[in-house]
Each structure stands twice: as structure tokens, then as C-alpha cells.
Amino acid sequence: MSNESLANLLKEERRFAPPAALAAEANVTAEAYERAKADRLGFWAEQARRLTWAVEPSETLDWSNPPFAKWFADGKLNVAYNCVDRHVENGLGDRVALHFEGEPGDSRSLTYAELQSEVCRAANALIELGVQTGDRVAIYMPMIPETVIAMLACARLGAPHSVVFGGFSADALATRVKDADARVVITADGGYRRGKPSALKPAVDEALTRPGTENVRSVLVVRRTGQPLEEAGSTWTEGRDVWWHELVDRQSDQHTPEAFDAEHPLFILYTSGTTGKPKGILHTTGGYLTQASYTHHAVFDLKPESDVYWCTADVGWVTGHSYIVYGPLSNGATEVLYEGTPDTPHQGRWWEIVQKYGVTVLYTAPTAIRACMKWGDDIPAKFDLSSLRVLGSVGEPINPEAWVWYREHIGGNTTPVVDTWWQTETGAIMVSPLPGVTETKPGSAQVPLPGIAATVVDDEANEVPNGSGGYLVLTEPWPSMLRTIWGDDQRYLDTYWSRFEGRYFAGDGAKKDEDGDIWLLGRVDDVMLVSGHNISTTEVESALVSHPKVAEAAVVGAADPQTTQAICAFVILRGGAAEDDGLVEELRAHVAKQLGPIAKPKRILPVAELPKTRSGKIMRRLLRDIAENRALGDVTTLTDSSVMDLIQSKLPSAP
Ligand code: ATP
Ligand code: MG
């Protein structure tokens, strides 16, 4: 970004107070901000005591060698014990932990007692395969209970897992297996995607032929689809491949968990790759679990006795780690785990699941909300969604229009919407409203959580005044912060700690509004420079989405001889909207009216799809490659690379 702050263009005046009943019973009240402000470390020490420690920590933060933090370093605990066993010991063994819903419609519920038996069996199986504390285990699975069980079994043994999204190619899997030097791969024959079996095992076979993966001794395979392996193009390697049902099912359901140091590695996870080559983020035990657990309790106001919680993310992303596995289970939640896609076999599938289980708290991503908007209001209207009481959003800035639609059509015009900002690197939610406290503003993540220090600075690292834009930074260490990039301390320093002295640089543009609330404005790499003004892609996209004919928009700045960059917009129209002659002019005029003439896109191109990462984020860098007529950059984390051909074919002529 140049040395001019982000222009502050979007005005959003709608406000929503917390429902009185929710506020009266809320897990966390306004007083938490005060307490954390008075004694930040004392506040986190108190949250750490929500967990069960084998050895209670006496120190909270060791920041003597910044930016390499140690939290609760002399404490010891076992993560799986905290997520499973302690609930059973507390008499909650009969509570359902997971309501699993398979894409074909099969379902299975596991209580905490059953989960405990399964995790113990899986841990004993890994021991039989020679897994020792510290060994890395790669997990390449569909969204099934065994995936959660496998992660917890690894955590129980102190064997860091590296979950690789099941939609990734053999190449992506091989790179991650090699980078972590994994000893075991846990996978399945396949899972169900869009109504049919989608094989996984062949990709494992192929990945393990690549150099650097030789240390993988065993491949543990869950039978999910039952599709014959040969039919899927997989071969069974005797001595290496083992069926889960043959090995795990015959193990003892007793296993005594060992307590590990708070700084023992818990997992490695790669970022989504939206802005470039994915980074292997290392998270450790005590601080990570403290913040994942506390934020899940605070931000979703989770009442474990009565709530049915559902996070729609894939466990292959950090949201799945922190808000499907570690946060909810450490809090003793009952949650839904869904295997498939939202539109299989019909576009009301999610709402049918909400109705079936009486889901009370739903956590999803803007990309999914915009897809539902595109499919039409009448689809959710067919289902009883009255059980819902808190809605969450994560992954991208949520356009105010999508936020309002979510609250109205899913939340029955009553539920708070919490827009949660965080990253793989932060491990847990950092900036978000609290549902019983914050008067919410559509499109804004608003306030750092109690115990979190975040602000917006300009190029010279000065905090910007209210009403101005700049870069989001974190000014104090936090318990679930990444400890490093796996095997690359230098990249850790360069990426996050070198831009601003002593502050964590998140890589996201942001502004503070007149009340001091934080609005995320997209990646710093994506910010556009138009005639000397830095303009946020997010704001132009939100203006486009506020037009009734637009469901989704992606905006990029393309090199332009007159204005440095010109705004180029790609839009998906809402169901039924026609791509007539006047549309482009109408949309340009709409943006000019919403944001001012400077933000008017030079080009607007209606398209059928946008390029997205496997985690559902728009990859603007590829659209910029198209707009500037360049070869496409790294596409390995793209969901569907044929989308790029489709978009390219729509361009009238190369610019
Ligand atoms: P890479 O770092 O490899 O480019 P990535 O940043 O997409 O990938 P993640 O860690 O999955 O990988 O995503 C974190 C990013 O997602 C944040 O930095 C931010 O840009 C965006 N994000 C997440 N939640 C929100 C939110 N509520 N509002 C705005 N942006 C968000
Ligand atoms: Mg990132």
C-alpha cells in the first residue's frame, strides 16, 4: 500500500441491539472487558483454569524472547482428556457429543462416553503402529466422526497432527506429508461429495510415491463409501496399509492419557493459500486450548446443557480445528457434523439439518450465505429455523447486505450475528461482537475480545484516528498465537513481525469507524490504488452486493495508464436477474451513488462463478492475473480450476 490511508467510503447505519433475554443470561458480560483491561495476563490465567490441568501452571506468559511466546509453560495437560474424558468423569457420558449426518442421509450420534471409547481405541491402534509422542501424523479424511476421533487420538498421544483437506490433490498432500515428515497417514476409502463417492485412497497411494515421503510407515484406512479400491484406482500395499475396522475395533477401550507440557506441539496446519503459497502454522497445547475454549464459550454464548451447535467448516481448515473439534468439545457441547455440500440433494439441505436437530448456534462463511441468497429466500422459508439463537460468520469480510439477509432469513430477524475475525495463525477468534453485549453493525467485526489487543495503524505504525483506515495489527501476544512456521523461524519473523516493530502484522486492511469499531477491508495485497486513493476491494464488493440483482462480487485493481489502477469487477447475478444491456451501467451508477464516483468500476463483467480457495475465499490475485492478461499464479488451493477458463472465455478481448 502507498503512504495514503485507505479511503473510508462505506456508510452503514443499521444497528441491532442484543436480544434482552440473551443478554440477561449471557455467558460473558461487559464486565469481562474491564477485568481483562485491568489485568490482561490475570484474565488469561483465569480462562486457563476453565481447563483441567494435571499440573497447574504458575506462570502465564514468557515473552523474554519475542516473538517466540511461551504460555503457561510450567503447566501440564492432555487435550483429549479435556475434550472427552473429563466430561464423562463429570457424569455427562450420556450427552451426545456428535450428531453425524452423512451426505447420503445416513446418520449416527456418539455420546461423550462412546467418543471416549473410540478415542482410546484409536490411540491404542496408533501405539500399535509405533506412533510415539512427537511423531507427526497426517490426516486426509472426509467429514466423518473418525476424523475427529483421529485428531483426538493424536492429541492424546502428543503426536502432532497435520490435517490436509480431503479435496486436495496428491501433490498438495505429498508436499504437506514431506514438510511435516509424517510417519503415519490416516485416510478413508473416500467420502460422499455431491451425491457420489469421491475416492481419497488413490491420492494417498500417489502421494506416497513422491520423494520425501519415505518415512510414512503405515496408512490407516477408514471404510466409508465401501467402493471397491481397484474400481477407484487404488492398490493395497501389504505391510503398510491397514483397515481402521480391522485394527482399531479390536483395541482396548481403555487408555490412560499422559499429561504434556503446555508448549508441546498440538498440530501443524497450512493456511488457505489465498494470497500465495500456504504456510505451515504450528500451534501448541495449553494456550491454544485455553483460547479456543474460552472464545467458543464467549462468542457463541454456548450453553452445553441445551444448545445444539453446528459449524459448517471443513476440519481441514483452522475453523474446523478450533470450532468443530477443540473449542466445542472442551466445552462439552453437543454438535452437528455434516459430511457433504449444502445443495445435495437439494438447496435446502442445511436448513433441513437445522430443523432435524434443532440447531441453536450456527457458524458459517460469507461465501455460503451469498450462495443461499442467490438460490432464493423461499428455500430457507420452507423449514422451521426457530431454534436458532446465535449466528456466526468467518472467513472473509461479510458484506452488510449478506449479513442482514442472514439475520432476516435464517435468524428470523431476532438472532445476533457475530462476525468473527481471525486467522490460521491466531488459532482462535480475536475480533468479534459478543452476542449478549455488543450492539451489532452489519459488516463489522467491531471489537477485540476481552484479553486481545488489536488496532489499526498507518504506514508509520501510528494508530489511526477514528474514521480512518490502515493495517490491522495485534499489539500484545495472545494464548493461541502461532509459535512459528513449521521448520522456518525466519519466515515467521519476516511474514508477521518485520513490518511493524514489536507488533503482529495480520496482512489485512482495516478501518476504525467514528465509534472506534473495526471494519475489515480485505487483504493488504488486494487494496487498490486509484488516482492516488487507496480503495478497499471489500467496500466496492459490498456496494455491488447491495444492488438487488447482485449475489456476489469480486473486485480487483488492474494496471491502468491513467489512474495507476482501474477497478475491475466480476459479478454473479442473483437467481432470475437478466444480463441485459443496461445492467453494467446500472451497477456502475449504483456503486457511484453508494461510495462516490472515485469507486465506480471501470469494467464490470457478469460471470457464472468466481475463483475460490477450497475454504471458500475469493482468490482475487487470479482475477488480477486475468484482468492484467498474465499467466495465472499458483492455483493448487483453488476449488475448481475450470472456473478460470470460463471467466477467460467471457472476456471480450484481452485488455
Ligand atoms: P494465506 O495466508 O495462505 O493467504 P488465508 O489468509 O486465506 O491464506 P486463513 O488463515 O484461512 O488463510 O484465513 C485468514 C484470513 O481470512 C484473514 O487474514 C482475513 O483476511 C480473512 N478473514 C477471516 N475472517 C474474517 C472476517 N470475519 N472478516 C474479514 N476477513 C476475515
Ligand atoms: Mg493469511
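As recorded in an unreviewed UniProt entry, the chain goes by the name Acetyl-coenzyme A synthetase, listed as coming from Streptomyces palmae. Word for word, the UniProt comment on the chain under Cofactor (unreviewed entry) is "Mg(2+)".

## Some words on the overall build of the chain
Secondary structure assignment for the chain yields 20 helices and 30 strands. The C-alpha radius of gyration of the chain comes to 24 Å, within 12% of the 26 Å expected for a compact globule of 655 residues. Counting only C-alpha atoms and orienting by the principal axes, one finds that the chain spans roughly 70 × 60 × 50 Å. Taken over 655 residues, the chain has a buried fraction of 63%.

## Some points on the packing of aromatic side chains
Here the structure, examined in full by the defined rule, presents 31 aromatic pairs. Look at Trp71 and Phe72: their rings are 5.7 Å apart centre to centre, the planes differ by 55 degrees, and that puts the pair in the tilted class. We note that Trp71, like Phe72, is buried. It is Arg176 that lies over the ring of Tyr270; its NZ or CZ is 5.0 Å from the centre. Sitting above the plane of the Trp243 ring, Arg223 keeps its charged end 5.5 Å from the centroid.

## Remarks on unusual backbone geometry
Across residues other than glycine, the phi torsion is negative in most instances, and most of the peptide bonds are trans. Residue Pro67 is reached from Pro66 by a cis peptide bond, and omega for that bond is 0 degrees. When you line up the elements, Pro67 lands in the loop between strand E1 (61-62) and strand E2 (70-71). Put simply, Thr344 and Pro345 share a cis peptide bond, and its omega is 0 degrees. Looking at the element boundaries, Pro345 is found in the loop between strand E17 (334-338) and helix H12 (349-357). Phi at Gln446 takes a positive value of approximately 70 degrees, unusual for a residue other than glycine.

## A closer look at the pairing of strand E10 (residues 196-199)
Bridge count for strand E9 (residues 190-193) against E10 is four bridges, and the pairing is antiparallel. Looking at the pairing, Arg193 lines up with Lys196 of E10. What sits between E9 and E10 in their antiparallel hairpin is a turn of two residues, with Arg194 showing a positive phi close to 50 degrees.

## A word on the UniProt feature "modified residue: N6-acetyllysine" (unreviewed entry) in the chain
UniProt tags Lys617 as "modified residue: N6-acetyllysine" (unreviewed entry). Along the polypeptide, Lys617 turns up in the loop between strand E30 (603-606) and helix H19 (620-627). Under the relative-accessibility criterion, Lys617 is labelled buried at 15%. For Lys617, the residues in contact, after removing those within four places along its chain, are Ser272, Thr274, Gly395, Glu396, Arg523, Pro611 and Lys612.

## Some words on the UniProt feature "binding site: CoA" (unreviewed entry) in the chain
Following the UniProt record, one finds the feature "binding site: CoA" (unreviewed entry) at Arg193, Arg194, Gly195, Lys196, Thr319 and Ser531. The greatest C-alpha distance among the residues just named is 50.5 Å, and with 339 residues of sequence between them they are spread in space as well. Its location among the elements puts Arg193 in strand E9. With relative accessibility at 37%, the residue Arg193 sits in the partly exposed group. Structurally, Gly195 can be placed in the loop between E9 and E10. Classification of Gly195 as exposed rests on a relative accessible area of 57%.

## Describing the state of the cysteines
Using the criterion set out here, one finds zero disulfides in the structure. Not engaged in a disulfide, the cysteine Cys120 finds its nearest cysteine sulfur in Cys83; these two sulfurs lie 13 Å apart.

## A few points about the sheet that holds strand E8 (residues 184-188)
On the basis of which strands lie adjacent, the open sheet formed by eight strands has the order E12-E11-E8-E6-E7-E14-E15-E23 and mixed pairing. Of all strands in the sheet, those bounded by a partner on one side alone are strand E12 (241-243) and strand E23 (484-485). Sheet topology note: the strand E14 (residues 265-270)/strand E15 (residues 280-284) ladder contains five bridges and is antiparallel. Paired with Pro265 across the two strands is Thr284, which belongs to E15. Sheet strands touched by helix H6 (residues 145-157): strand E6 (137-140), strand E7 (161-163), E8, strand E11 (218-222) and E14. Its angle to E6, the strand with the most contacts, is close to 170 degrees.

## Considerations on a negative patch on the surface
On the surface, Asp179, Asp488, Asp489 and Asp494 cluster together to form a negatively charged patch. Looking at the element boundaries, Asp489 is found in helix H16 (residues 489-497). Owing to a relative accessible area of 40%, Asp489 belongs among the partly exposed residues under this scheme.

Quick notes on the rules
- Residues numbered from 1 in each chain as written.
- Chains lettered and ligands numbered in written order.
- Predicted model: local features only at pLDDT ≥ 70, side-chain atom pairs only at ≥ 80, totals over all residues.
- Heavy atoms only, no water.
- UniProt positions renumbered as here; feature names shortened; annotations may be inferred.
- Helix = DSSP H or I, 4+ residues; strand = E, 2+ residues; numbered from the N terminus.
- Rg over C-alpha atoms; globule rule 2.2 N^0.38 Å.
- Buried < 20%, exposed > 50% of the residue type's maximum accessible area, 1.4 Å probe, protein only.
- Phe/Tyr/Trp six-rings, centres within 6.5 Å; stacked < 30°, edge-to-face > 60°.
- Lys NZ or Arg CZ within 6 Å of the ring centre and 35° of its normal.
- Pairing = 2+ DSSP bridges.
- Contact = heavy atoms within 4.5 Å.
- Disulfide = S-S within 2.5 Å.
- Axes fitted to C-alpha atoms, helices over the stretch in contact; angles between N-to-C directions.
- Patch = residues over 30% accessible without salt bridge, like charges linked within 9 Å, V, L, I, M, F, W, Y side chains within 5 Å.
- Areas by Shrake-Rupley, 256 points an atom, 1.4 Å probe, with all protein chains shown as cover.
- Salt bridge = Lys/Arg side-chain N within 4 Å of Asp/Glu carboxyl O.
- Lys, Arg positive; Asp, Glu negative; His and termini not counted.
- Charge placed at Lys NZ, Arg CZ, Asp CG, Glu CD.

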